[in-house]
Every structure is written in C-alpha cells, then in structure tokens.
Amino acid sequence: MVTNAASFGRSGVHDYILLRASAVILACYTIFLVGFIACSAPLTFEIWSGLFSSLPMKVFTLLTLIALLIHAWIGVWQVLTDYVKHTALRGVLQFTFVMVAMSYLASGIVIVWGV
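Residues numbered from 1 in each chain as written. Predicted model: local features only at pLDDT ≥ 70, side-chain atom pairs only at ≥ 80, totals over all residues. Heavy atoms only, no water.

As annotated in an unreviewed UniProt entry, the protein carries the name Succinate dehydrogenase hydrophobic membrane anchor subunit and comes from Shewanella livingstonensis. Per UniProt, the protein has the following entry under Function (unreviewed entry): "Membrane-anchoring subunit of succinate dehydrogenase (SDH)." Quoted verbatim from the Subcellular location (unreviewed entry) field of the UniProt record, the comment on the protein reads "Cell inner membrane". (UniProt positions renumbered as here; feature names shortened; annotations may be inferred.)

Visitor: Can you explain the UniProt feature "binding site: a ubiquinone" (unreviewed entry) in the protein? Please cite residues and give values.
Guide: In the UniProt entry, the feature "binding site: a ubiquinone" (unreviewed entry) is given for Tyr83. Here tyrosine 83 shows up in helix H3 (residues 55-83). (Helix = DSSP H or I, 4+ residues; strand = E, 2+ residues; numbered from the N terminus.)

Visitor: Go over the packing of aromatic side chains, please, and point to the residues and values.
Guide: Here the structure, examined in full by the defined rule, presents 6 aromatic pairs. Where tyrosine 29 meets phenylalanine 60, the ring centres are 5.1 Å apart and the plane angle is 70 degrees; that geometry is what we call edge-to-face. Placement of the pair is tyrosine 29 in helix H1 (residues 12-39) and phenylalanine 60 in helix H3, with a sequence separation of 31 residues. Using a relative accessible area of 23% as the deciding quantity, one classes phenylalanine 60 as partly exposed. Arranged with centres 6.3 Å apart and planes meeting at 65 degrees, the rings of phenylalanine 32 and phenylalanine 60 form a pair that is edge-to-face. With phenylalanine 32 in helix H1 and phenylalanine 60 in helix H3, this pair connects stretches of sequence that are 28 residues apart. A residue is classified by how much of its surface remains accessible, and phenylalanine 32, at 36% relative accessible area, is partly exposed. Taken together, Tyr29, Phe32, Phe36, Trp48, Phe52 and Phe60 form an aromatic cluster joined through their ring pairs. (Phe/Tyr/Trp six-rings, centres within 6.5 Å; stacked < 30°, edge-to-face > 60°. Buried < 20%, exposed > 50% of the residue type's maximum accessible area, 1.4 Å probe, protein only.)

Visitor: Explain the UniProt feature "binding site: heme" (unreviewed entry) in the protein to me, using residue names and the numbers behind them.
Guide: Per the UniProt record, "binding site: heme" (unreviewed entry) is found at His71. Inspection of the secondary structure puts histidine 71 in helix H3. Histidine 71 gets classed as partly exposed once you look at its relative accessible area, which sits at 28%. Look past the residues within four positions of histidine 71 in its chain and what remains in contact with it is Leu19, Ser22, Ala23 and Leu26. One polar contact links the side chain of histidine 71 to the main-chain carbonyl oxygen of leucine 19, over a distance of 3.4 Å. (Contact = heavy atoms within 4.5 Å. Polar contact = N/O pair within 3.5 Å; in protein donor to acceptor, adjacent residues only side chain to side chain.)

Next up, the structure:
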C-alpha cells in the first residue's frame, strides 16, 4: 500500500474518519456556544470571561481549534491535489497553508490560555 506524505491520515478511510470526527467536534462546540449565548440573556464581559477562564472550556476550545485545522487541512489538501497539477506550486501552497495553520494554532493557544 502506498501512502501519501501530504495526506493528514494514513489512507482515504482514515482521512474520512478524521473529517467526520472533526465535524462532530465543531458541531458540538457551535451548538454549545449558541446555547450558551441564548441562555445568557444579559451577556456581559464578566460572564463571557468566566466561561473561557474555566479549564474544561479552554480544553474544549483548543480541541475545537485542532479539529478545525485538521478539517481545513484535509479539505485544502484534497482541493490542491485535484486542481493544482504543477507539483512545485502545490508544494508551495501546501507549505504556506501549513505555516498559516501553525500560526493560528500558536495564536489560539496564547489567546485561550491567556484568559
């Protein structure tokens, strides 16, 4: 079996499972935030800050950020593989996306753990 080094998972099935799992995490986080906003009638800075200062919310937020980056990477990889046939250009675009994704992850860690 030949594996692709640029793919996030080990195979197409693994990528499929990662996509579905990350989508479930993203959906749960979105439903939770929408429910929290709907139930917090006077949403103030103190309430919002209190939500994100708890350890479970910090972990849930970072897990969601990682799930978002995994989801985005698999999607970008599939689109670039399908539509960008020039290997060097595809490599540069993938490298650029990875650098941007890593900076988003670093920023997310600093922002979430800075609260």
